[in-house]
Amino acid sequence: MMDKKYSPWAILILVTVVLAFVPSMGDRYLLFIAYFLVLNVAFAQSWNLVGGYTGLISLGHAAFFGIGAYAAAISIITFELPVIAGFIIGGLASTAFAFLISFPTFRFKGIYFAIGTLVLAEALRIWMINWEYIGGAQGMQFPIGIGFRLTGYFYIMLGLAVGSTALLMYILRSKLGVGLRAIRDNEDGAQNLGVDIFRTKLTALMISAFIAGLVGAVHAGRLGAIEPYSIFGAAWTIGVVNIVIIGGMGTIFGPIVGAIFVTLLTEAMADFSGIHLIIEGVILILVIRFMPYGLWGFVLKMLRRIPLFGGTRA
Amino acid sequence: MKRILTIVLQIFMITAFAGALHAQSAPKEVVIGASVPKNGVLAAFGSYAGWGYKTAVAETNAKGGVMLKKYGKRVPIKLVVYDDESRPELATKNIERLVIKDGAHALLGSATPPLVISGAVVAERERIPMVAALSPIRAFLGANKAGWKWTWNMFFDELEMTQQQFLTLNSVKSNKKVALFTDNGQDGVVMGMLWGKNAPKLGYEIVYHAKFPVGTSEFGDLIRRAKQAKAEIIIAQMITPDAIALWKQMGALNYKPKAAFFEKGGEPVVWAKILGKSAEGTMVAGYWHPDLGYPGAKELRARFEKDTGELYSQHIADAYAAAQVLIDGMERAGSIDPAAINNAIGKTDKTYVVGPVKFTEGKGKRSAALPTFMLQWQNGDLEVVHPKKWATKKLIYPLP
Amino acid sequence: MSFYTVSAGALNGLMLGGLYACMALGLSMVFGVMRFVNVAHGELLVLAAFLSFVFSTAFGLHPFIVVLILIPILFVFGYVVQRVLINPLMSAGLEPSLLTAFGLSIIAQNLFVEIWGGNTKSLNNNFSEMNVTLLGIDVPMLYVISFFVGIIVTLGVHLFITRTYTGRAIRAATQDAATAMVMGINVNRIYAITAAIGAATAALGGTLIGMTFSFTPTTGFPWLLKGFVVVVLGGMGNIFGTLAGGLLLGLSEGIGAAFVGTGYRDMVGFVIFLLVLMFRPNGLFGLKGSE
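Here the structure is a predicted model, which is why all the values come from computation and not from measurement.

Visitor: For this particular structure, what's the right way to read the pattern of salt bridges?
Guide: Any two side chains of opposite charge can pair, so long as their charged atoms come close to each other. Under the criterion given, the structure shown has 26 salt bridges over all chains. The salt bridge partner of Glu126 of chain B is Arg28 of chain A, with a shortest N-O separation of 2.9 Å. Remark: Arg28 of chain A occurs in helix 2 (residues 28-52) and Glu126 of chain B occurs in helix 4 (residues 113-126); the pair is interchain, linking two chains. Judged by relative accessible area, which is 38%, Arg28 of chain A ranks as partly exposed. For Lys177 of chain B, the salt bridge goes to Glu205 of chain B, with nearest N and O atoms at 3.7 Å.

Visitor: Looking at this model, I keep getting lost on the packing of aromatic side chains. Mind explaining?
Guide: Pairs of aromatic rings are described using the distance from one ring centre to the other and the angle between the two planes. Residue and element names in this part refer to chain A. Applying the stated rule across the entire model yields 41 aromatic pairs over all chains. Geometrically, the ring pair formed by Phe87 and Phe148 is tilted, given 6.4 Å between the ring centres and 35 degrees between the ring planes. You can see Phe87 sitting in helix 4 (residues 83-105) and its partner Phe148 sitting in the loop between strand 1 (140-141) and helix 6 (150-173), a full 61 residues away along the chain. The exposure class of Phe87 is buried, given its relative accessible area of 3%. Judged by relative accessible area, which is 33%, Phe148 ranks as partly exposed. Measuring from ring centre to ring centre gives 5.5 Å for Phe99 and Phe103, while their planes differ by 90 degrees; the resulting arrangement is edge-to-face. Highlighted residues: Phe99 and Phe103, both in helix 4, separated by four residues, approximately one helical turn. By relative accessible area, which is 37% here, Phe99 ends up partly exposed.

Visitor: How should helix 13 (residues 273-290) of chain A be read in this particular structure?
Guide: Three- or four-residue spacings in an α-helix give side chains the same orientation, since the helix completes a turn every 3.6 residues. Between its first and last C-alpha atoms helix 13 of chain A spans 26 Å; for 18 residues at 1.5 Å apiece the expected length is 26 Å, and the two agree. Among the residues of helix 13 of chain A, Ser273, Gly274, His276, Leu277, Ile278, Glu280, Gly281, Leu284, Ile285, Val287 and Ile288 of chain A are the ones counted as buried. As for helix 13 of chain A, its buried residues are in contact with helix 11 (234-247), helix 12 (254-268) and helix 14 (294-305) of chain A, strand 4 (77-83) of chain B together with helix 3 (63-86) and helix 4 (94-116) of chain C.

Visitor: What is the right way to look at the interface of chain A and chain C in this model?
Guide: Note on interface size: it is often stated as the accessible area lost on association of the parts. Taken together, the contacts link 38 residues of chain A with 39 residues of chain C. Both sides together, the interface formed by chain A and chain C hides about 3,700 Å², and carbon and sulfur atoms give 81% of it. Among the residues of chain A in contact with chain C, Ile111, Tyr112 and Ile285 of chain A are the three that bury the most area, contributing 18% of the side total. Counting across the interface, chain A meets chain C through one residue pair in polar contact (both at pLDDT 80 or more). With 13 residues, the single largest contributor to the side of chain A that touches chain C is helix 5 (residues 111-130) of chain A.

About the thresholds
- Residues numbered from 1 in each chain as written.
- Chains lettered and ligands numbered in written order.
- Predicted model: local features only at pLDDT ≥ 70, side-chain atom pairs only at ≥ 80, totals over all residues.
- Heavy atoms only, no water.
- Salt bridge = Lys/Arg side-chain N within 4 Å of Asp/Glu carboxyl O.
- Helix = DSSP H or I, 4+ residues; strand = E, 2+ residues; numbered from the N terminus.
- Buried < 20%, exposed > 50% of the residue type's maximum accessible area, 1.4 Å probe, protein only.
- Phe/Tyr/Trp six-rings, centres within 6.5 Å; stacked < 30°, edge-to-face > 60°.
- Expected span 1.5 Å × (residues − 1).
- Contact = heavy atoms within 4.5 Å.
- Buried area = accessible area lost by both parts, 1.4 Å probe.
- Polar contact = N/O pair within 3.5 Å; in protein donor to acceptor, adjacent residues only side chain to side chain.

Right under this line is the structure:
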C-alpha cells in the first residue's frame, strides 16, 4: 500500500514537530482540538493494529479504554499512587483483560471476535455499574488539582499518538507484522505457512489493548471525573471504527487522516451532535463500498497518477 | 523536497481550518455558556433547563442586556448552549469548549448530578463561575470533598425532600410499610440512604429496598419481593424510562400499592403522557408550583406552555431562576471579571420565581436549598397536596 | 429467597423468552443464510417501534393492528437495503457487510433522534397492565402474548422455509451458494428475501418491545446484544434453535435475577453467551459446523 517514494518516518516526524508547536501558538482552542485529535490518533492506531492489520474487527474497544481509565483512577484516587504510575497501570490492566478475553473470542475465525467483543464490552460495563467499590454508577472523582495542566495532557497524548504510530510501523516490518497480515488475508494459508495463529493474534490484541488502556487512563486524568456509563459507552467504539475506516484501515496514515477528519467534523458540528454522526455513518458506508483503503488510500492512488509522485499512469 | 512542501502545506491548511472554527467573541457582549442534555435518557430535563436559561437571557436582552457599571452601560448577553447527550464526558468537553472557544464569562449547569458535576469540575479548573440547577444539593456537595469554589447550586435538599413522602401520608391511614426502589446513580444512592434513616423517625418501616442500575427494564423479581413484604407504599428514585417500566410492570403483576412516589422519574410530562390514566394519583416531591404566589410564577408557566405547546415542568423555574441569579451576580459585580462575579453570586439574597434564594455560608457549601412539598398527578396536571398551607388540591388516597 | 420468587421468576422469564426469540429471529436468519452479521438489527426493532408509534397515534389503532401494516413495510425495507447496500459486498468477505451494518446503525440511531427526539416512548395498549394467573403466579399479559407470538412466528418461518419453493431455494443457497447459482437460483434475490423476512419478524419483535417496555432512539443496542446471546445459544441460523435460545435466555434471566439480583440480570445472559462460545460454539442445539 505504501508508496516507496514516501518516507513514512519523515512524514511522522514532520507531523509530530508541527503538532508539538501547537501549545506555543497560544491559542487554547487549537490546543483543545489538537488534544482530541491526538487522542483519536492514538486510540485509532490501537484499533487499526487489530482491525486493520490482523483482521480482527473489535466492536468492544470501549472496554479497553474504560479499563485503562478505571485502573488509573483506582490507582491514583484509592491507592494514591503517582499519576504516571496510575497511567501505566491503566495500560497494563487493559492488556491483562485482552489476555483473558482472547480464550473465548479467538477460538473461532473472524466474525465471533466482533460479536464476542461487542457482548463482552457490554457485560463489563454492567459489571462496572454494579460494582460499588469503584463507585458504581456514581463513578470516581479525581481530587481537584491532581494531575497535569491541559498542555501536559496534550504532550502525553501526543507522545501516545506518535509512539503508537511508530510502534505500528516497527511491527509491520517485523516477523510479527508479516504474521498479522498473513492471518488477515487468509487464516488457513497463514497456518500452512507456519504462523502460530493464536499467539500472533494474542500479541496484536495485547499491544492494541495496552495502547487503548493508556489512552483511557490519560483521558480519565484529564476529565477529572469518570463514571461507567460514558467511559465504557459504545460511543468510543463507534468513534474509533469510524476514524480508522474513513481514514483507511490497514494503512499507517489512514487513522491520522481519519482522526483529523472526524475530530474537525465533530468540532464544526458541536451544535448538531446527531447530524455529524449521520454524516460519518454515510461516509463510512460509501468508503467501505468504494474506497477499501479509505481516504488516505484514495489520496495515495490519486497522487500516484501525478508523475512527480512517482507512479506510472497505470 | 516538493513532496515535503506539499505535506507542510496540507498540515497548514488543516491548522487553518481548525483556526477558522475559532469564533472570536465580540468584546461588546457577555457570553454565558451552558451544557444541557438535548438527547439521551435525560433529554426531558435538558429541554426544560434549556428553555429556562434561554428565556431569562432573552428577558435581560430585551432590556438591552446586563448592566455593567464598570463600562457604564448595558451589554447584551450571548447564550451558547451545547448538547451533552446525557453523557457526562461530553458535559466536561462542552464546558471546556465554552470556556476556551466561546470565551464564556460565566456558566450554567446541566441537569442531574453526574452531568452537573462533570461540568463543574471544569468550571473549578478554569476558575469560571457556574450556577447549577437541577442537581440535588447533597449529591452535589458530596462529589467534591475539598469543597466547590466556583460552582453554586440551587435545588432542593435531599434530607428535607426525603421526609415529604412520609409527612404527606401522615394524614391518611396505611400499614406504614414502605418498599424503596432506588437506582444506583448519585440521587438514588443518597436519597435511598436518607429514606432509610428518615422512615423510622417518622414512624414508617422500610420492609424492602430494591437497588438496581440505571437503565433496568425488567423489574419482575423486585416487584414480587415488594409485594411479598406487604408494602402498601412505594417510594422510587429513578429516571423516567425506568420508572415507566416499573409502574407498568407493577400493574401487570397485579401489585397495587396504596401510594406511589416516583422521584425524578415521575416528574416530566412524558410520565403522564405515556402512562395516561395509570399516572393518576402518583406523586413526586416538588420545589416549585406556579400557584404558590412567587413573583412571575403563573406567567412563567403560561409562557412555557405557549412557547412549546407542552405542559410545564417545575424545572423551567429553577433553570430560569438560576440564570437570573447569575445575571444579577454580574450586575452586582459590575464587570465580567470571573472572581468578581463569583463573589457577587455568593451575596445573592432575593426572592425569585422559585422563592427566596440565599446561598449557605462556609467553605464549599455554596448551595441554596429550595423548600419542598408534595405534588400529585391529578387529571394530567401536577397539584400540590402537602403541606396544607400550599395545597392546591386534596390528596387522592388510596391510588385509584 | 423463597421457592415462590424463583418459580415466579422462572415462569415469567420463560414467557418473556418468546419475545426474545421473536426479536432475534431475523438476526439469526441473515447470519445463517448469508453469514451477514447484522449489527443494525437492534435499530430495525426500534424503527418498527417508532413506526408503530406513529401509526397508532395518527390513526388511533391498536399496535396489534398496526403491526399488520408494519410487516409489509419492513419486508420491503429489508429487501431494498439488502439488495442495494449489502448484496454488493457479499463477495468481499464478512467484514465489509458487518461494518456497513455498523454504519447503518449509527445513521439510524441519530436519524431517530432528529425525527422523533430523544424522549422515551412506549406503545400504549390495553394489555400493558393486565395480568394472567398461571399456576398461582402472576404473569403480565404481554409476556404470555409474547410467548405465543414467539412460537407462532417460529413455526410460520419454519413452514415457509420447508414448504415453499422460495423457502427451499433459501435452504439451497444456505448450504452452497455457488451450486445454487448453477441450479438457476438467483442468489441475490434469495438473500434479499431472507433479509426481508428477517425484517418482517423484527416488525413483530419491535412492536412487542414497544408495548412491553419503553424505547428511545438508543434502545436498539441492548436488544442487539440480547439477540446475539439468543442466537449463539440456539446456533446461528437454526430457526427452532432461536426459539429454544430465546426461551432459555428468558428462563435463565428470570431464575438468575432471583439469585444474583436484578442488577446482574443482564450479566446472566452474557455469562451463558461466553460459556457457550467456549464450549459449544455451534450453539446448544447446533448440529452442523458453523465454522
